Amino acid sequence: GFILEDIETVRNTINEVIEIYGDRIAEQNESVFHGLIQSICLLKGDKHRLASESYSGFGRIDSIFYPVKGKSDTIIIHEYKIIKELKDEAQLKTVLSKAIWQMYDKVYTDVPLVRNKYFAEEAKSVELRAIVILCDPDSRNGYTSEIVIRNHSIEEMKEIAAAFKSRPLDYAKIDALQV
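Being a predicted model, the structure only gives us computed values, none of them experimental. (Residues numbered from 1 in each chain as written. Predicted model: local features only at pLDDT ≥ 70, side-chain atom pairs only at ≥ 80, totals over all residues. Heavy atoms only, no water.)

Looking at where Leu177 falls in the secondary structure, it is placed in helix 6 (residues 171–177). We classify Leu177 as buried; its relative accessible area is 10%. In this structure the C-alpha to C-alpha distance between Leu177 and Trp101, which are 76 residues apart in sequence, comes to 8.8 Å. With residues up to four places along the chain from it excluded, the contact list for Leu177 reads Trp101, Tyr104, Arg150, His152, Ile160 and Phe164. (Helix = DSSP H or I, 4+ residues; strand = E, 2+ residues; numbered from the N terminus. Buried < 20%, exposed > 50% of the residue type's maximum accessible area, 1.4 Å probe, protein only. Contact = heavy atoms within 4.5 Å.)

Here we take up unusual backbone geometry. With an omega dihedral of 0°, the bond running from Arg167 to Pro168 counts as a cis peptide bond. Within the secondary structure, Pro168 sits in the loop between helix 5 (154–165) and helix 6. Positive phi, close to 55°, is recorded for Val107, a residue that is not glycine. Tracing the backbone through its elements, the reader meets Val107 in the loop between helix 3 (89–105) and helix 4 (110–115).

With that out of the way, let us pick up the environment of Ile160. If you trace the backbone, Ile160 turns up in helix 5. The buried category is assigned to Ile160, whose relative accessible area is 3%. For the pair formed by Ile160 and Ile174, sequence separation is 14 residues and the distance between their alpha carbons is 7.2 Å.

A few words now on the pattern of salt bridges. According to the stated counting rule, one finds six salt bridges in the structure shown. Between Glu79 and Lys81 there is a salt bridge whose closest N-O contact spans 3.2 Å. Look at Glu79 and you get buried, because its relative accessible area is 1%. Accessibility expressed as a relative area gives 22% for Lys81, which makes it partly exposed. Between Glu127 and Arg129 there is a salt bridge whose closest N-O contact spans 2.6 Å. Residue class for Glu127 comes out buried when judged on its relative accessible area of 11%. (Salt bridge = Lys/Arg side-chain N within 4 Å of Asp/Glu carboxyl O.)

Right, here's the structure in full:
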């Protein structure tokens with residue numbers, strides 16, 4: 001069965017989806033991919049509830065999965081990016097890094113932290129996932145994906161969100177994330 005917390009299951013599922021629908025994803029944009037992955041997560045997973053394209057902080061979250069009480073204690077946030085022509089490994093690393101940073105910079109954690117009260121403090125952590133889809137059928141990579149993950153406790157996420165929302169910005173806290 002599909003387990004959202006198991007990153008290898010997620011990676012394999014993503015790769016199956018892009019193997020079948022890669023041409024369509026490459027022709028359009030990441031919203032096609034959002035719909036496909038969200039449908040799979042809803043149909044196969046039972047530990048999380050999906051809230052797609054939620055607004056939080058200064059932006060829009062691609063996918064956020066809230067834990068079902070008694071089945072999980074992790075809020076999972078996905079940020080999707082598509083690369084249609086991969087130039088080199090440095091480009092991939094840059095896109096992955098920017099996707100992770102976008103979740104911090106746009107304070108995507110604001111909504112999960114505010115809504116955490118609805119879980120009666122059941123959520124103990126937040127997992128941020130930058131998911132890059134490579135749609136380059138003419139290259140040796142073809143259709144595949146790369147995922148970078150950052151895990152934080154709820155308390156850490158509250159501090160991180162506060163650092164990005166503060167004026168002036170809390171650069172000491174922000175700079176520590178770039179390691």
